[in-house]
Structures are given as C-alpha cells and as structure tokens.
Amino acid sequence: MSDANETAWTAEGGKAIPNAVNEGSEGAGFQPGDGVIEEAGELQEVSSPNRTPEEEFLAQMLAATGATNLEEAGLYDPAEVAAEEERIEEEMSPEERQAKAEHDALAAAFSMIRERSNEGKLTTPGTWAAAGIVPDHLIPVDFSDLAFDEIIAAQAASAAAKKVAEEAAQAAVADAVSADSGVEGVAASCSKADEVAGENAPSVDEGDSLDSEIETPEWKLDDIKVLEGKQTYLYSSDYMTDTYAHWAFLAEEGDDTLTLVENAREESRLYPRPMLAASLSSKPYYWNDEQIEQAWQAVQESGSYPDIKTCEASNGERYFYSTDYLSDAQAKALAEWYSVERYMNV
C-alpha cells in the first residue's frame, strides 16, 4: 500500500478509530482493496474491513461532521458516560443516592403516565409498582405520596407563575391607559405586557440533569390530570382528551350500567344520534354481546334511568339513546340512516 493510503488513527475515549486519506490517486475513484475515495480534494473516511460495525459508524459520523473526535462531533461513548455516572454516584452520600433514585423514579413515573395516555390507557400508582420503578428505599404507597406531592407542588408553582404573569400584563396595560398614551402607546404597552408575561411564564423541563450535588427537581406537570374512583387514576391531557379519559375511567371502574347510560346520553346529546351498541365492543371497553345485553338488562331493572331506550335499524343493528335529547322517532330515523341509508347514497 502506498504512503498516501497509510491508515491514520484518531483516539477518543481510549478507543482508536481508523481514518485513511488518499492524496495521490487523482481521478482514480474507488479502488477495490484500499477503500479510499477522493472527492474535490477533501479527505474522506476510509472503509476498513478491520473495523467493528460500531467503529465504522463512528468513523463515518466523524467524517460527515468534519470533527476529529467524538466530543467535537457532539457524540459520546455510552461506556464513558455510564462510567462517569457510576463514578459520580460512588462519590455521593447515602442521602444523595436516595435523592437521585427518587428523581429518576419520578421521571420514569411521569414519563409512564404520558406513554400510557398515548396508548389510550390510564395509570394507577399500582402500575408504577408493577413496572418496578419504585426506589428500593421506599414502599409503593410512600412513592405514590411523593409523586402526588410533586404533581401538586409543580402545578401550584405553575399556577402562581401564570398569575404573576397575568397581573404584570394587566399592570402594564393599566399604566399605559392611565398615562393617556393613545392607541399606539396602548398597543406598545400591550406588546410589552405580553413580553412580561412570557418572561414570568414557567419553562422548566422535567429532564433536568443532576450534578454531583443533588438539587430538588422541578417538573412541568400541567398536563397531568387525576381521576378519583375505586382507585386513583392519572393521565396526560397532552395525549388523551378529558372525554376519552372519562370513558377509560368508567371501563376501569367496571360499572357497566353507568357506562352504558353515560355513553348513550353523551352520544344523544353531543351529535345528536343514538349510540350503536356494537361501539361498546371497541376500545376502551371491549365488551362482548353478552356483556352488552347484561348491562342493558341492569339498566332496565334498576328503574333509575327511564330516559335510556333502545331501537334497531332494518338491518338488525341495535342502538341505545336518551329521550332527554332524542325522541323515539328521531332515534329510529337516525339509526336507519347510520346503519342503512347512508351506504345507499355512496
């Protein structure tokens, strides 16, 4: 192999990454066996059969960025990062280790709420325990208390910050009006008020890194909502609507009678239309025909829901509806439309 094709090495984190250049093969292009490419006089990363896939990937990343080492390219060796984190933790006091464990567990708990909400699922404190994210030094109920304390504190702090921002904005507008600064002045003051509000708005992310000295974590948790029933349920309003959360709550609580009643009333009120019975076989309920029939029998036998009735379309599909929002004639006509007539017009 010529001097132009000698392999150069760049050391990063104790691991050598091969780099090769070709300075003397003008117009030669790619030559089998030497793995060297020259393009417009720029140095290109060589492909070497002696590299591991990891080394090859890192070499290509370095070549693409023009960096000479991983740090310059904004890349980090996972082994080095893990070793550094281990070193920092070894230097911590027992109290600091517990604080870090709590912080990491809280981050996992809040992330789980959002991930499950995105999947259409509610989260209970028992979910955290089952997933094994409760710190070893805490029992599940104590960790749940800690998580709820953090949620309450974060939301209270956010509400206070928003109030301060709103008051500052109002004060800026009031000052402009009292000074009789005219339309342009008021508009400018309103713009200033918006700026003040933005400066006072909370903007703390939950992924704050911890240094060797553990600090009390601050979380952005305005999206975390709580539903109380037989259990306590949590969800993120960023990923699940309040309406869907309510239906998921009913499904978790297992009150089939109330589930049928509230679904029928909501469908009749909101759209308005009768509720297709088969819709209860979908997410989040997954009822079978027998369960739907049993719930309907329970509604009738209770005598507490006289507004809930049923009807069928000509194709046999069954519907439930509330006479508080639909007459019998309307429900029947709409059932026929949704099950039969609308398909005839396609």
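From a predicted model like this one, the values you see are computed outputs, not experimental measurements.

In this fold, Glu 262 is placed in helix α8 (residues 256–270). With 60 residues separating them in the primary sequence, Glu 262 and Ser 322 have C-alpha atoms 9.4 Å apart. Excluding residues within four positions of it along the chain, Glu 262 makes contact with His 246, Trp 247 and Leu 250. Engagement of the side chain of Glu 262 in a polar contact is seen with the side chain of His 246, the distance being 2.4 Å.

Let's shift gears to the sheet that holds strand β5 (residues 275–276). A sheet is described by the order of its strands in space; here three strands give the open sequence β5-β7-β6, paired in antiparallel fashion. Only two strands of the sheet have a single partner each, and these edge strands are β5 and β6 (308–312). Sheet topology places β6 next to strand β7 (residues 318–322); five bridges connect them, and they run antiparallel. Of the residues in β7, the one forming a bridge with Ile 308 is Ser 322. Running over the sheet, α8 touches β5, β6 and β7 and is turned about 80° from β7.

Packing of helix α3 (residues 94–118) against helix α5 (residues 140–178) leaves a shortest axis separation of 11 Å and a crossing angle of 75°. Overall, the two elements α3 and α5 adopt an arrangement that is roughly perpendicular. Residues Glu 102, Ala 105, Leu 106, Ala 109 and Phe 110 of α3 pack against Phe 143, Leu 146, Ala 147, Glu 150 and Ile 151 of α5. The class makeup of the residues in the contact of α3 with α5 is eight nonpolar, no polar and two charged.

Let's shift gears to the packing of aromatic side chains. Under the criterion given, the structure shown has six aromatic pairs. For the ring pair Tyr 233 and Phe 249, a centre distance of 5.4 Å and an interplane angle of 90° mean the geometry is edge-to-face. Of the two residues, Tyr 233 is situated in strand β4 (residues 232–236) and Phe 249 in helix α7 (residues 242–253); the sequence distance between them amounts to 16 residues. By relative accessible area, Tyr 233 is classed as buried at 1%. What links up through ring pairs into an aromatic cluster is the set Trp 128, Phe 143 and Phe 148. The side chain of Arg 273 reaches across the aromatic face of Tyr 271, ending 4.0 Å from its centre. The lysine or arginine in question, Arg 273, covers the ring of Tyr 338, its NZ or CZ lying 5.4 Å from the ring centre.

Looking at where Ser 339 falls in the secondary structure, it is placed in helix α10 (residues 328–344). Of the residues examined, Ser 339 reaches a relative accessible area of 5% and is grouped as buried. One polar contact links Ser 339 to Glu 317, side chain to side chain, over a distance of 2.4 Å. Residues in contact with Ser 339, not counting those within four places in the same chain, are Ala 313, Asn 315, Glu 317 and Tyr 319.

Quick look at a negative patch on the surface now. On the surface, Glu 85, Glu 86, Glu 89 and Glu 90 cluster together into a patch of negative charge. Looking at the element boundaries, Glu 89 is found in helix α2 (residues 78–90).

Once that is clear, we can look at the nonpolar core. Within soluble globular proteins, side chains that are nonpolar tend to cluster in buried spots. Residues Leu 122, Leu 260, Leu 280, Ile 308 and Phe 320 are the most contacted members of the largest nonpolar core, which totals 23 residues. Secondary-structure elements contributing two or more residues to this core are β4, α7, α8 and α9 (289–302). Among the elements that line this core, the one with the most residues is α7, at five residues. Setting aside chain neighbours within four positions, we find Leu 260 in contact with Met 275, Leu 280, Trp 287, Ile 292, Ala 295, Trp 296, Val 299, Ile 308 and Phe 320. Residues Ala 105, Ile 113, Trp 128 and Ala 147 belong to the second largest nonpolar core, which totals 20 residues.

In this section: the environment of Ala 131. Structurally, Ala 131 is set in helix α4 (residues 125–131). Sequence separation between Ala 131 and Ala 108 is 23 residues; the distance between their C-alpha atoms is 9.9 Å.

Summing up the model confidence of the protein chain, the mean pLDDT is 80 and the portion of residues at 70 or higher is 72%. Across residues 1–46, where pLDDT falls below 50, the model places 70 contacts with residues more than four positions away in sequence or in other chains. Low pLDDT (under 50) marks residues 202–217, which in the prediction has 30 contacts with non-local residues, meaning those over four places away or in another chain.

With that settled, consider helix α1 (residues 53–65). Between its terminal C-alpha atoms α1 stretches 19 Å, which fits the 18 Å expected from 13 residues at 1.5 Å a residue. Every buried residue belonging to α1 is among Glu 55, Glu 56, Leu 58, Ala 59 and Leu 62, and all of these are buried. The buried residues of α1 occupy an angular sector of 165° when the element is viewed end-on, so they sit on one face. Summarising the geometry of α1, the exposed residues directed more than 90 degrees from the buried face are Pro 53, Glu 54 and Ala 64. Among the residues trailing α1, Gly 66 stands out with phi positive, at a value near 80°.

Conventions we followed
- Residues numbered from 1 in each chain as written.
- Predicted model: local features only at pLDDT ≥ 70, side-chain atom pairs only at ≥ 80, totals over all residues.
- Heavy atoms only, no water.
- Helix = DSSP H or I, 4+ residues; strand = E, 2+ residues; numbered from the N terminus.
- Contact = heavy atoms within 4.5 Å.
- Polar contact = N/O pair within 3.5 Å; in protein donor to acceptor, adjacent residues only side chain to side chain.
- Pairing = 2+ DSSP bridges.
- Axes fitted to C-alpha atoms, helices over the stretch in contact; angles between N-to-C directions.
- Parallel < 35°, antiparallel > 145°, perpendicular 65-115°, else oblique.
- Nonpolar A, V, L, I, M, F, W, Y, C, P; charged D, E, K, R; others polar.
- Phe/Tyr/Trp six-rings, centres within 6.5 Å; stacked < 30°, edge-to-face > 60°.
- Buried < 20%, exposed > 50% of the residue type's maximum accessible area, 1.4 Å probe, protein only.
- Lys NZ or Arg CZ within 6 Å of the ring centre and 35° of its normal.
- Patch = residues over 30% accessible without salt bridge, like charges linked within 9 Å, V, L, I, M, F, W, Y side chains within 5 Å.
- Areas by Shrake-Rupley, 256 points an atom, 1.4 Å probe, with all protein chains shown as cover.
- Salt bridge = Lys/Arg side-chain N within 4 Å of Asp/Glu carboxyl O.
- Lys, Arg positive; Asp, Glu negative; His and termini not counted.
- Charge placed at Lys NZ, Arg CZ, Asp CG, Glu CD.
- Core = buried A, V, L, I, M, F, W, Y, C linked by side-chain atoms within 4.5 Å.
- pLDDT = per-residue confidence, 0-100.
- Expected span 1.5 Å × (residues − 1).
- Arc of directions from axis to C-beta.

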